[in-house]
Amino acid sequence: GCPAQFDWRDNKIKNIEVETMPFFGFIPSEALLESIQTGHQKKNSSEPLYPLRDKTALLINDEIIDATILGPVHLFPASDKRDTAEKLAGYVKSTVAVLLKQLLGKSSNDVVQQSIEFSEKSLFQDASGAYRVGETLDATLVTNLKSTYQDIKAGNDIDKTAFATLYKQFAEATVRHFMNDFNKTLDLGLIKRKAADLGSMAVIKAIHIAIDKIFPNLTKEELGALAEAHDPMFNL
């Protein structure tokens, strides 16, 4: 079905009927959900809004990595794959946090409003009504991921190379959304824009290397843990 997006103007859920938009979304912590919602409520206030934007951006960075990488990996038995994934999570978290701290900081409310609107668009409700933070995704990608999870859960053998490719596509879409698209709302100068682009390229490269190391050797148990953790995050 259609994801429902929150319409802050009339304070009720409206279903977007124009097109069904497949999306990825993780369940945000209370702190993150509150931070996004406070942004909407205060969007037109005269108090400086940049501290709220900065807090939201840093929370999203931490929580998306906890949900997508650390959540399933903590279910893996101790192994090289688990170490690689944990190192990747640490690397991405710290790289993005360092970059955000360079890019964020004092901004006028006019600029910050763009980031607040970006956060609005990143908030969805799933079929059960739970709030999720994420992005809309290509329908084919979501369909292929969902059917692979079904195969894994049914105990069927899957093509791990094809599965790895789907994850690379998902990772790229997510970095594009939460780094490149978000950074466009920050009104950056040329030098900071360059730093932001290099940062997102470094993150994508690290994720690709880790996927190539981890995916070919995943056991049935590890694939099961991945399917269990990630399947609910993808909505068609």
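Look up: the structure comes first, before these words.
Thresholds applied
- Residues numbered from 1 in each chain as written.
- Predicted model: local features only at pLDDT ≥ 70, side-chain atom pairs only at ≥ 80, totals over all residues.
- Heavy atoms only, no water.
- Helix = DSSP H or I, 4+ residues; strand = E, 2+ residues; numbered from the N terminus.
- Rg over C-alpha atoms; globule rule 2.2 N^0.38 Å.
- Buried < 20%, exposed > 50% of the residue type's maximum accessible area, 1.4 Å probe, protein only.
- Core = buried A, V, L, I, M, F, W, Y, C linked by side-chain atoms within 4.5 Å.
- Contact = heavy atoms within 4.5 Å.
- Pairing = 2+ DSSP bridges.
- Axes fitted to C-alpha atoms, helices over the stretch in contact; angles between N-to-C directions.
- Parallel < 35°, antiparallel > 145°, perpendicular 65-115°, else oblique.
- Nonpolar A, V, L, I, M, F, W, Y, C, P; charged D, E, K, R; others polar.

1. Notes on the overall build of the protein
Then comes step 1: Broken down by element type, the protein carries eight helices and six strands.
Then comes step 2: When its helices and strands are written in sequence order, the protein yields β-β-β-α-α-α-α-β-β-α-α-α-α-β.
Then comes step 3: On C-alpha atoms alone, the protein measures out to a radius of gyration of 18 Å, which is about the 18 Å that the 2.2 N^0.38 rule sets for 236 residues.
Then comes step 4: Out of the 236 residues belonging to the protein, those deemed buried represent 51%.

2. Points about the nonpolar core
Then comes step 1: Counting residues in hydrophobic clusters, the biggest one holds 62 residues, and the most contacted among them are Phe163, Tyr167, Phe215 and Phe234.
Then comes step 2: With 11 residues, helix H6 (residues 160–183) is the single largest residue contributor to this core.
Then comes step 3: Residue contacts for Phe163: discarding those within four places in its chain leaves Leu145, Thr148, Tyr149, Ile152, Ile158, Phe215, Leu223 and Leu226.

3. Let's talk about the pairing of strand S3 (residues 23–26)
Then comes step 1: The two faces of S3 match: Phe23 and Gly25 on one face and Phe24 and Phe26 on the other face are all buried.
Then comes step 2: Relative to strand S5 (residues 131–136), S3 is paired through four bridges, and the arrangement is antiparallel. If you follow Gly25 over to S5, its bridge partner there is Gly134.
Then comes step 3: Of the strand pairs in this sheet, S3 and strand S6 (residues 234–235) are connected by two bridges, and their pairing is antiparallel. In the strand pairing of S6, Phe23 is matched with Asn235.

4. Some thoughts on the environment of Leu166
Then comes step 1: Within the fold, Leu166 resides in helix H6.
Then comes step 2: Remark: the alpha-carbon pair of Leu166 and Val142, spanning 24 residues in sequence, is separated by 8.9 Å.
Then comes step 3: For Leu166, the contacting residues outside a window of four places in its chain are Leu141, Asn144, Leu145 and Thr148.

5. Here we look at the side chain of Thr185
Then comes step 1: Its place among the elements puts Thr185 in the loop between H6 and helix H7 (190–214).
Then comes step 2: The contact partners of Thr185, leaving out residues within four places of it in the chain, are Val111, Gln114, Ser115 and Phe118.

6. Remarks on the packing of helix H2 (residues 50–73) against helix H3 (residues 80–103)
Then comes step 1: At a minimum axis separation of 10 Å, H2 and H3 run at an interaxial angle of 175 degrees. Judged on the interaxial angle alone, H3 and H2 are roughly antiparallel. For the pair formed by H2 and H3, the contact residues are Ala57, Leu58, Asn61, Asp62, Ile65, Asp66, Ile69, Leu70 and Val73 on the first element and Arg82, Ala85, Glu86, Leu88, Ala89, Val92, Lys93, Val96, Ala97, Leu100 and Lys101 on the second.
Then comes step 2: A breakdown of the residues in the contact of H2 with H3 according to their chemical character gives 13 nonpolar, one polar and six charged.

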